[in-house]
Amino acid sequence: MLITNITEAKAQLSALIEKVMSGQEVIIGKAGKPVARLVRYEQSDKQRHPGALQGKIKISDDFDELPADIAEAFGMTEL
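What you see is a predicted model, and the numbers here were worked out from it, not measured in a lab.

Before going further, it helps to spend a moment on the pattern of salt bridges. In this structure the tally under the stated criterion is 1 salt bridge. Between Arg37 and Glu25 there is a salt bridge, with the nearest N and O atoms lying 3.6 Å from each other. A residue pair is termed long-range when its members are at least 10 positions apart, and Arg37 in strand β3 (residues 33–38) and Glu25 in the loop between α2 (13–21) and β2 (26–30) qualify at 12 residues. Looking at Glu25, the relative accessible area reads 26%, which means it is partly exposed.

Set out below in structure tokens:
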């Protein structure tokens, strides 16, 4: 695992990507604390199944209606 800071990561991004492609993990820190992790992208072999949540999600009939106070805050009410 390689640890670097944001300034070094910006200057050496191509080299860091090469390290990640070879299997290394890169941690990027800011002010001495880790904030991001670069890892090799692994494409899933799972096939997506559209509609997998069909019948499991209900959208309320008034979904598109804003409450009066929010509509007023956005200037969407007639005076």
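A contiguous patch of negative charge, built from Asp61, Asp62, Asp64 and Glu65, is present on the exposed surface. With respect to the helices and strands, the residue Asp62 is situated in the loop between β3 and α3 (68–73).

Two modes of strand pairing occur in sheets, parallel and antiparallel, and in both the strands are linked by backbone hydrogen bonds. Ordered by their spatial adjacency, 3 strands build an open sheet running β1-β2-β3, and the pairing between neighbours is mixed. The two strands at the open ends of the sheet, each matched to only one other strand, are β1 (2–5) and β3. Ignoring which end each strand starts from, the neighbouring axes of this sheet average 30° apart. Relative to β2, β1 runs parallel, the two being bridged by 4 bridges. Paired with Leu2 across the two strands is Val26, which belongs to β2. In this fold α2 packs onto β1, β2 and β3, with an angle of close to 160° to the strand it touches most, β1.

What counts, and at which threshold
- Residues numbered from 1 in each chain as written.
- Predicted model: local features only at pLDDT ≥ 70, side-chain atom pairs only at ≥ 80, totals over all residues.
- Heavy atoms only, no water.
- Salt bridge = Lys/Arg side-chain N within 4 Å of Asp/Glu carboxyl O.
- Helix = DSSP H or I, 4+ residues; strand = E, 2+ residues; numbered from the N terminus.
- Buried < 20%, exposed > 50% of the residue type's maximum accessible area, 1.4 Å probe, protein only.
- Patch = residues over 30% accessible without salt bridge, like charges linked within 9 Å, V, L, I, M, F, W, Y side chains within 5 Å.
- Areas by Shrake-Rupley, 256 points an atom, 1.4 Å probe, with all protein chains shown as cover.
- Lys, Arg positive; Asp, Glu negative; His and termini not counted.
- Charge placed at Lys NZ, Arg CZ, Asp CG, Glu CD.
- Pairing = 2+ DSSP bridges.
- Axes fitted to C-alpha atoms, helices over the stretch in contact; angles between N-to-C directions.
- Contact = heavy atoms within 4.5 Å.

Fair warning: the whole summary comes from geometry, so function is off the table for now.
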